[in-house]
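A structural walkthrough
Residue strings, one per chain:
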Amino acid sequence: MNIVLLEPEIPQNTGNIGRTCCATGTKLHLIEPMKFRITEKNLKRAGMDYWEDLDVVIYDSYHDFCEQNPEAKIWYATTKAHHKYTDVEFGPDDFIMFGKESAGIPEEILVEHEETCIRIPMNEDIRSLNLSNSVAIVLYEALRQQNFAGMQDAGELHRLEWK
């Protein structure tokens, strides 16, 4: 799977998302301009010691991202979509794009991709969920649909053993 962040603004969110990507074997794509430098302490702190293991690509712009991934099947996460994220079938190489925290994905992009726009249902009074929470929700549904391929089946206890 591939997670795409279009112009992220909050380093802690990007760090948390990076950690989630490491935990799931997901590639992270970051599209400039970002409101922070990739080396910021907050970013690394949120990703903890996993940031060095992250498979991450940085693009100069949305146009640059599209040029470098011409065959990509992209799902556009937005609160404005007709389809719920649970209504679609994700493929193992799909891209799931999320917009910047303050504004989401520009409507000019969304209207060009109406059929691949997805949303997380929520109460009408709420504008949106936290970006890193949204990524985790949608990514884990996509991975569930792939039967969590390549991920560990069971965890081990630290001091005791399972019966």
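What comes next concerns the included structure. (Residues numbered from 1 in each chain as written. Predicted model: local features only at pLDDT ≥ 70, side-chain atom pairs only at ≥ 80, totals over all residues. Heavy atoms only, no water.)

1. Some points on the sheet that holds strand S6 (residues 95–98)
Threshold: Strands pair, by our definition, only if DSSP identifies at least two bridges between them. We count a stretch as a helix when DSSP gives it H or I for four or more residues in a row; a strand needs E for two or more, and each element gets its number in order from the N terminus. It only takes one pair of heavy atoms within 4.5 Å for two residues to be counted as in contact. Between N-to-C directions, angles span 0 to 180 degrees; the directions come from axes that are lines fitted to C-alpha atoms, helices contributing only their stretch in contact.
On the basis of which strands lie adjacent, the open sheet formed by seven strands has the order S3-S2-S1-S6-S4-S7-S5 and parallel pairing. Sheet topology places strand S3 (56–59) and strand S5 (83–84) at the edges, where each strand pairs with a single neighbour. Bridging between strand S2 (residues 27–31) and S3 involves four bridges; their strand directions are parallel. The residue bridging Leu28 from the neighbouring strand is Val56, located in S3. Of the strands in this sheet, strand S1 (2–6), S6 and strand S7 (117–119) touch helix H5 (residues 131–145), which is tilted by about 160 degrees from S6.

2. Things to note about helix H1 (residues 11–24)
Filter applied, for reference: Each helix should span, by expectation, one fewer than its residue count multiplied by 1.5 Å. Three labels apply to residues, based on accessible area from a 1.4 Å probe with only protein chains included: buried if under 20% of the type maximum, exposed if over 50%, partly exposed otherwise in between.
Taking 1.5 Å of rise per residue, the 14 residues of H1 would be expected to cover 20 Å, and the 20 Å separating its terminal C-alpha atoms lies within 8% of that figure. Looking at H1, one finds that the buried residues are Pro11, Asn13, Thr14, Gly15, Ile17, Gly18, Thr20, Cys21 and Thr24. Residue Gly25 follows H1 closely and has a positive phi angle near 70 degrees.

3. Here we look at the pattern of salt bridges
Selection rule: Salt bridge criterion: a side-chain nitrogen from Lys or Arg within 4 Å of a carboxyl oxygen from Asp or Glu.
Inspection of every chain in the model, using the stated rule, returns three salt bridges. A salt bridge links Glu7 to Lys100; the shortest N-O distance between them is 3.3 Å. Linking Glu7 in the loop between S1 and H1 with Lys100 in the loop between S6 and helix H4 (107–110), this pair joins segments that are 93 residues apart in sequence. Accessibility expressed as a relative area gives 25% for Lys100, which makes it partly exposed. One salt bridge in this structure joins Glu141 and Arg144, with 2.8 Å as the shortest N-O distance. Of this pair, Glu141 and Arg144 both sit in helix H5, three residues apart, which is roughly one turn of the helix.

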